[in-house]
Amino acid sequence: MAADRSLARSWRPARSMASSRHAVNHGVGEDVIQGFREAAAEFFRMPAEAKLKHYSNEHNKHCRVFSGSVTSHTDTNDIRYWRDCLKLRCYPVDKLMDHWPSQPETFRERLAKYAVAVQELAQRLLRLIAEGLGLDSQFFEGDLTGGETMMNVNYYPRCPDPSLTLGIRPHSDRYILTVLSQGDVTGLQVKHKGRWIGVQPMRNAFVVNFGLQLEMVTNGVLTSVEHRVVTNSAKARMSVATLIRPNMGCRIRPAPMMVNGETNHRPKYRDFTGSELIEAYEATAGNREALLALFRIHHTKLL
Ligand SMILES: O=C(O)CCC(=O)C(=O)O
Ligand SMILES: [Fe+2]
């Protein structure tokens, strides 16, 4: 497929690559991206009462609005989180769209187009990642990515004093892959060699972030990206994160192709289910090191 070759040239990962990249030439139409972004922005512009009916802190709901975010267990100061989030399950669309907000009127139709296009892009990226790792190109298909896809539509209002707030705490995403549309306002930062570095927005490009599940499935070859969002006093910001998820009951383990008996290639992580991953993620507030520690195998050294 021509689009695949062009995406591969711009994107194909090497072994041990950096864990957050921009995807361009991705084949998702500007009308699809901007169409959904406009509908989502309109959702957040609705009066508080209209949004309030979706408000919930129940994690299992298919669609909910909430504000702020839990305090990271690594926070020692009193940071406030400056975010409203519309969190919903977005794919497969036919099964889930009745749960989505019915206002604004264009919302469901535009989300359906966006969710299908981004799902297809994620599948193409996963095939390229598998090939880049020397795995079968279909390696990630099936249980590892077969759960209902999640979406965070994040809205960060202008903040009078950004020094007192964060948009989102430092975290790695939990699953295989996140495809993020960050719009054209800065705010996303990734950790690189111990420092936070801003990811400059590129119109219509997607930021692709590797998640913790991918880090463990590749036995640490592809590392998950730690990221956070800072606020600003000049402009509100909106991002749309699409998270590809496993079937919750399936067993997840380092890919057999990536482990063997040699010291450097022993399995670094034990096997676990998608539900265990979620539990561990909640317990560690998405902190990469703390979460990986819960699944790490400690091999005894033979003298
Ligand atoms: O707003 C962003 O750019 C990042 C959002 C994010 O990290 C998330 O929803 O998990
Ligand atoms: Fe994230």
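The model shown is predicted, which means the values in this text are computed figures rather than measured ones. (Residues numbered from 1 in each chain as written. Chains lettered and ligands numbered in written order. Predicted model: local features only at pLDDT ≥ 70, side-chain atom pairs only at ≥ 80, totals over all residues.)

K.L.:
Quick rundown of the overall build of the protein chain? Include the residues and the values.
P.N.:
On a plain count of helices and strands, the protein chain comes out with eight helices and 15 strands. Buried residues in the protein chain amount to 39% of all 303 residues. Sequence-distant contacts in the protein chain: of pairs separated by 6 or more residues, those separated by 24 or more amount to 76%. (Helix = DSSP H or I, 4+ residues; strand = E, 2+ residues; numbered from the N terminus. Buried ≥ 20, exposed ≤ 12 C-beta atoms within 10 Å, placed from the backbone. Contact = placed C-beta atoms within 7 Å.)

K.L.:
If you had to explain the packing of helix α7 (residues 274–284) against helix α8 (residues 288–295) to someone new, which residues and values would you point to?
P.N.:
Two elements in contact, α7 and α8, have axes whose closest approach is 9 Å; the angle formed by their N-to-C orientations is 140°. When the axes of α7 and α8 are compared, the pair comes out oblique. For the crossing formed where α7 meets α8, the hand is right-handed. When α7 is examined against α8, the residues A280, Y281 and T284 are found in contact with a partner set consisting of A290, L291 and L294. (Axes fitted to C-alpha atoms, helices over the stretch in contact; angles between N-to-C directions. Parallel < 35°, antiparallel > 145°, perpendicular 65-115°, else oblique. Left-handed = near helix turned anticlockwise from the far one by under 90°.)

K.L.:
Explain the UniProt feature "domain: Fe2OG dioxygenase" (unreviewed entry) in the protein chain to me, and be specific about the residues and the numbers.
P.N.:
As annotated in UniProt, the feature "domain: Fe2OG dioxygenase" (unreviewed entry) corresponds to residues 146–246 in the numbering used here. For the annotated span residues 146–246, helix accounts for 6% and strand for 44% of the residues, and the straight-line distance between the end C-alpha atoms is 5 Å. (UniProt positions renumbered as here; feature names shortened; annotations may be inferred.)

K.L.:
Summarise the sheet that holds strand β4 (residues 84–91); cite the residues concerned and give the values.
P.N.:
A sheet is described by the order of its strands in space; here seven strands give the open sequence β1-β11-β8-β13-β5-β4-β2, paired in antiparallel fashion. Where the open sheet ends on each side, the last strands, each with one partner, are β1 (20–23) and β2 (63–67). On average, each strand axis in the sheet is tilted by 20° relative to the strand beside it, whichever way the strands run. (Pairing = 2+ DSSP bridges.)

K.L.:
Lay out the packing of helix α2 (residues 30–45) against helix α5 (residues 107–132) with the relevant residues and their values.
P.N.:
Two elements in contact, α2 and α5, have axes separated by 9 Å at closest approach and are oriented at 135°. One way to sum up the angle between α2 and α5 is to call them oblique. α5 is crossed by α2, and the crossing has left-handed handedness. Listed contacts from α5 to V32, I33, G35, F36, A39 and F43 of α2 are F107, R110, L111, K113, Y114 and A117.

K.L.:
Tell me about the sheet that holds strand β10 (residues 195–198), and please be specific about residues and values.
P.N.:
Taking strand neighbours across the sheet as the criterion, the four strands line up as β7-β12-β9-β10 in an open arrangement whose pairing is antiparallel. Edge positions in the sheet fall to β7 (168–171) and β10, since each has one partner strand and no second. Taking the axes of each pair of neighbouring strands and ignoring which way they run, one obtains an average angle of 25° across the sheet. Examined bridge by bridge, strand β9 (residues 188–192) and β10 share four bridges and lie antiparallel to one another. What sits directly across from Q189, in β10, is G198.

K.L.:
Can you lay out the pairing of strand β5 (residues 149–156) for me, pointing to particular residues and giving the numbers?
P.N.:
Burial of β5 is extensive: seven of the eight residues sit out of reach of the surface. Across seven bridges, the pairing between β4 and β5 is antiparallel. Note that in β5 the partner of L88 across the bridge is M151. As judged from the seven bridges shared by β5 and strand β13 (residues 237–244), these two strands associate in the antiparallel manner.

K.L.:
I'd like a description of the environment of P47, backed by residues and values.
P.N.:
Note that P47 resides in the loop between α2 and α3 (48–52). Overall, P47 belongs to the exposed group, with 7 C-beta atoms counted inside 10 Å. Residues P47 and L166, spaced 119 residues apart in sequence, show a C-alpha to C-alpha distance of 24 Å.

K.L.:
Which residues make up the pairing of β13, and what are the values?
P.N.:
With eight of eight residues buried, β13 is to be regarded as a mostly interior element. Residue alternation in β13 divides its side chains into two sets, R237, S239, A241 and L243 and M238, V240, T242 and I244, and both sets are buried. Two strands pair when backbone bridges link them, and strand β8 (residues 177–181) and β13 are joined in this way by five bridges, in the antiparallel orientation. For L177, the partnering residue across the bridge sits in β13 and is I244.

K.L.:
Which residues make up the environment of H99, and what are the values?
P.N.:
Turning to its location among the elements, H99 is positioned in the loop between α4 (93–96) and α5. Classification of H99 as partly exposed rests on a count of 15 C-beta atoms within 10 Å. Each C-alpha atom of the pair H99 and R64 lies 9.4 Å from the other, and the pair is 35 residues apart in sequence. With sequence-adjacent residues up to four places away left out, H99 is seen in contact with H62, C63 and L88.

K.L.:
Give a detailed account of the confidence of the model for the protein chain, specifying residues and quantitative values.
P.N.:
Looking at the protein chain as a whole, its pLDDT mean stands at 90, while 89% of the residues score no less than 70. A low-confidence stretch, residues 12–18 (pLDDT under 50), is modelled with ten contacts involving residues beyond four sequence positions or located in other chains. Low pLDDT, under 50, characterises residues 70–74; the stretch is placed with nine contacts to residues that sit more than four places away or in other chains. (pLDDT = per-residue confidence, 0-100.)

K.L.:
Kindly report on α7, identifying the contributing residues and their values.
P.N.:
By the burial criterion, the buried members of α7 are G274, L277, Y281 and T284. The buried residues of α7 occupy an angular sector of 95° when projected down its axis, which confines them to one face. Exposed residues lying more than 90 degrees from the buried face of α7 are E282 and A283. A285, located one to two residues past α7, shows a positive phi value of around 50°. (Arc of directions from axis to C-beta.)

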